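Secondary and tertiary structure notes
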Amino acid sequence: MSPLTTGTTITILGSGTSTGVPLIGCDCDVCTSTDLRNKRTRCSILISGREGNILVDTSTDLRFQALSNNINRISAVLFTHAHADHIHGIDELRSFNFIQKERIPCYGDRKTVDKITAMFSYIFERTWKGGGIPRLDMNSVEAGDFTVLGKTIKAVPVMHGDLQIFGYRFGPFAYVTDCSGIPPESMKELEGLDLLILGALRYSPHTTHFSVQQALEVVRSLRPRRTILTHMGHEIEYEKASRELPEGVEPGYDGMRIDLK
């Protein structure tokens, strides 16, 4: 087994918070911006390699994201947690079932798997008599290493307010979103990164998400070679943030692609 490294492309499908940007009814400078990098769908990434395409979270905007990025295959899905903006696009997976003519394995911690199977019971109840439904195999995983598509992935516990959720490490790359705190043991698991994609909701403090300043404190501790901020609200304007963030740190945007060399 080996991690996903050389030849892998990471696509930021969505870089926005749970409301998306622009917010409904908001006329602030960011929400009315003509810069497409300020248009943020709900948070998700795609990891593409020779082994297949791994989707992290089925965001509310999955259909739009798949069409915008010409995605025609999902080989596996990782779930960070079961909040609406990270799972409510799950029904869109049935389109990939239709194309692939095979079931899609999905992974998350036990709480997340149980919540998803309860919330979307029509997918998992054998008595369903309606139309097409996603064909999914839900797998619960614990913190630490597990295998997807023959590759090793590390589930890293982080805190989202009072809720423990998973970030994921793929060799030299890690994805940590919806995070307000990283336990010391998890910080150790995130050392030595070439790339960190890290949630940073806004400039002011929040109870369940890192602010930009808190995210930068994590970056100073971990010292990844490159950091891209995600899960951003309408308080963050792309060009302004690009100018003000320290070297090695940048805001992400929908459709951003990063090749791991």
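Details of the structure are given in the entry above.
Here is a short report on the structure shown in this document. (Residues numbered from 1 in each chain as written. Predicted model: local features only at pLDDT ≥ 70, side-chain atom pairs only at ≥ 80, totals over all residues. Heavy atoms only, no water.)

1. A look at the sheet that holds strand β9 (residues 163-170)
Note the following rule: When DSSP finds two or more bridges between two strands, those strands count as paired. Segments assigned H or I by DSSP are reported as helices when at least four residues long, segments assigned E as strands when at least two residues long, and all are numbered from the N terminus. In this description, a line fitted to the C-alpha atoms serves as the axis of each element, helices being fitted only across the stretch in contact, and the angle between N-to-C directions of two axes falls anywhere from 0 to 180 degrees.
Taken in spatial order, the seven strands line up as β7-β8-β9-β10-β11-β12-β13 in an open sheet, and their pairing is mixed. The open sheet is flanked by β7 (144-148) and β13 (249-251), the only strands paired with a single partner. Put simply, the sheet's adjacent strands are angled 25° from each other on average, direction ignored. Both strand β10 (residues 173-176) and strand β11 (residues 195-199) contribute to a ladder of four bridges, which runs parallel. Bridge assignment links F173 to a residue of β11, and that residue is L195.

2. Focus on the packing of aromatic side chains
In plain terms, the rule: Planes of paired rings set the category: under 30 degrees apart is stacked, over 60 is edge-to-face and the rest tilted, where pairs are Phe, Tyr or Trp rings (Trp by its six-membered ring) whose centres lie within 6.5 Å. By definition, being over a ring means that NZ of Lys or CZ of Arg is both within 6 Å of the ring centre and within 35 degrees of the ring normal.
All told, the structure shown has five aromatic pairs when counted by the stated rule. Geometrically, the ring pair formed by Y238 and Y253 is edge-to-face, given 5.8 Å between the ring centres and 85° between the ring planes. Placement of Y238 in helix α8 (residues 238-244) and of Y253 in the loop between β13 and β14 (257-260) is noted, with a sequence separation of 15 residues between them. Feature note: the residues Y107, F146, F166 and Y168 constitute an aromatic cluster, connected by ring pairs. The ring of Y203 carries K240 above its face, with NZ or CZ at 5.6 Å from the centroid.

3. Some details on the pattern of salt bridges
Heads up, the condition is: Any Lys or Arg side-chain nitrogen found within 4 Å of a carboxyl oxygen on Asp or Glu counts as a salt bridge. The buried label applies to any residue whose accessible area, calculated with a 1.4 Å probe on protein chains only, is under 20% of its type's maximum; exposed applies above 50%, and partly exposed to all values in between.
Evaluation of the coordinates by the stated rule reveals 13 salt bridges. A salt bridge links R73 to E102; the shortest N-O distance between them is 2.4 Å. Note that R73 is positioned in the loop between α1 (62-68) and β4 (76-78) and E102 in the loop between α3 (93-100) and β5 (104-108), a separation of 29 residues in sequence. A relative accessible area of 32% places R73 in the partly exposed class. Salt-bridge contacts for K154 lead to D145; the nearest nitrogen and oxygen are separated by 2.9 Å. Classification of D145 by relative accessible area gives exposed; the value is 52%. Each of D35, R37 and E239 takes part in salt bridges that share partners, so that together they form one network.

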